[in-house]
Amino acid sequence: MNHSNVKSDRSEAQPLLRPARKEDAAQVIPLLYQAIGDIAYALAGEEDHEKAMGILQQFYVREDNRISYRNITVMELDKQVAGILVAYDGGEADILDQPILDRPGRSTDEKYTLVKETRPGEYYLDTLSVSEAYQGQGIGKALMAAFEQRGRELGHSQVSLIVERDNGRALMLYERQGYTKDDVIVIAGHEYNHMVKPIL
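Just so you know, these numbers come straight off a predicted model, no measurement behind them.

S.K.: Help me get a handle on the overall build of the chain, residues and values and all.
M.R.: Of regular secondary structure, the chain possesses 7 helices and 7 strands. Going residue by residue from the N terminus, the α and β elements of the chain occur as α-β-α-α-α-β-β-α-β-α-β-α-β-β. Against the 2.2 N^0.38 benchmark of 16 Å for 200 residues, the chain shows a C-alpha radius of gyration of 18 Å, consistent with a compact globule. Each principal axis of the C-alpha atoms in the chain carries an extent, and together these give about 65 × 40 × 30 Å. For the chain, the share of sequence-separated contacts (at least 6 apart) that also reach a separation of at least 24 residues comes to 68%.

In structure tokens form, the structure reads like this:
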């Protein structure tokens, strides 16, 4: 028996699904940006990349807005944040966006207008992002399952998400999982399909 194989099997880390913590900020914010792109600048109300990322990090460690660590679940692997899930009650969207809109120094340029992505009665998947180093390992699927399960636990009958209209791969993935398009919205100059799925 090759003992080195036994050892490596044992030391292979198991993915850990857990609530995000404030100290995860440096790993979470790049994953958030990877998934939302230009929407990050709309959230920050700032076009300079470094400044925008700093603003998002400040909001992340607070408890009162959509990208707060309290609305984020992480998948940890090898002590690294391998993937993130941002989700919240659609009925709380306006309340969660108010601190972002009220930030002193926020640009009033209309390109930074925050578009309502969700509706009351939905548990909303704001962002799902998997680190490039960990893609293809089922992390996205596990995060999606956790999102839908959490929606059920909170008593929601429907979950929702948006996906860029020209992202055919993601559209097919969500359709296969039972999501159907019910609207089109424009955010930061890009068209998105709003998709819903009953979870009861």
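S.K.: Kindly report on the side chain of Thr127, identifying the contributing residues and their values.
M.R.: Take Thr127: it is sitting in strand E4 (residues 123-130). Residue Thr127 is classed as buried on the basis of its relative accessible area, which comes to 2%. Within polar-contact distance, the side chain of Thr127 engages the side chain of Asp126 at 2.6 Å. When near neighbours in sequence (up to four residues on either side) are disregarded, Thr127 contacts Leu32, Ala35, Ile36, Ile84, Leu85 and Val86.

S.K.: Tell me about the pairing of strand E5 (residues 158-164), residues and numbers included.
M.R.: Most of E5 sits inside the fold, with 5 of its 7 residues counted as buried. In the sheet, E4 pairs with E5 via 3 bridges, with the strands oriented parallel. Pairing of Leu125 across the sheet is with Leu161, part of E5. Considered for its hand, the β-α-β crossover made up of E4, helix H6 (residues 139-153) and E5 is right-handed. Looking at chain direction, E5 and strand E7 (residues 190-198) are connected through 7 bridges and run antiparallel. Among the inter-strand pairings, Val163 is bridged to a residue of E7, identified as Asn193.

S.K.: Summarise the pairing of E7; cite the residues concerned and give the values.
M.R.: Along any regular strand the residues' side chains alternate between the sheet's two faces. Where strand E6 (residues 180-187) and E7 come together, 7 bridges link them in antiparallel fashion. Its bridge partner being in E7, Val184 is matched across the sheet by Asn193. Counting the residues that bridge the hairpin from E6 to E7 gives 2 residues, and of these Ala188 lies at a positive phi of roughly 50°.

S.K.: Can you explain the environment of Val74? Please cite residues and give values.
M.R.: Structurally, the position occupied by Val74 is in strand E2 (residues 72-77). Linking Val74 and Leu16, residues 58 residues apart in sequence, is a C-alpha distance of 8.0 Å. For Val74, the contacting residues outside a window of four places in its chain are Leu16, Leu17, Arg18, Pro19, Ala20, Asp24, Val28, Val81, Gly83 and Ile84.

S.K.: Before we move on, can you summarise the sheet that holds E6 with the specific residues and values?
M.R.: Overall, mixed pairing links the 7 strands, which are arranged E1-E2-E3-E4-E5-E7-E6 in an open sheet. Both edges of this open sheet fall to strand E1 (16-19) and E6, since each of them pairs with a single strand only. Between one strand axis and the next, the sheet turns through 30° on average, direction left out of account. Along the sheet face, helix H7 (residues 168-176) touches E4, E5 and E7 and points at about 165° away from the line of E5.

S.K.: Can you lay out the environment of Leu31 for me, pointing to particular residues and giving the numbers?
M.R.: Following the sequence through the fold, Leu31 ends up in helix H2 (residues 25-36). In this structure, the C-alpha to C-alpha distance between Leu31 and Ser129, residues 98 residues apart in sequence, is 5.8 Å. Excluding residues within four positions of it along the chain, Leu31 makes contact with Val81, Ala82, Gly83, Ile84, Ser129, Val130 and Ser131.

S.K.: Now, about helix H5 (residues 93-101): what can you tell me, with residues and values included?
M.R.: Buried within H5 we find Ala93, Leu96, Asp97, Pro99 and Ile100. The arc enclosing the buried residues of H5, seen along the axis, measures out at 150°, which places them on a common side. Its buried side turned inward, H5 meets helix H3 (39-44), helix H4 (49-60) and strand E3 (80-89).

About the criteria used
- Residues numbered from 1 in each chain as written.
- Predicted model: local features only at pLDDT ≥ 70, side-chain atom pairs only at ≥ 80, totals over all residues.
- Heavy atoms only, no water.
- Helix = DSSP H or I, 4+ residues; strand = E, 2+ residues; numbered from the N terminus.
- Rg over C-alpha atoms; globule rule 2.2 N^0.38 Å.
- Contact = heavy atoms within 4.5 Å.
- Buried < 20%, exposed > 50% of the residue type's maximum accessible area, 1.4 Å probe, protein only.
- Polar contact = N/O pair within 3.5 Å; in protein donor to acceptor, adjacent residues only side chain to side chain.
- Pairing = 2+ DSSP bridges.
- Right-handed = clockwise from strand over helix to strand, strands pointing away.
- Axes fitted to C-alpha atoms, helices over the stretch in contact; angles between N-to-C directions.
- Arc of directions from axis to C-beta.

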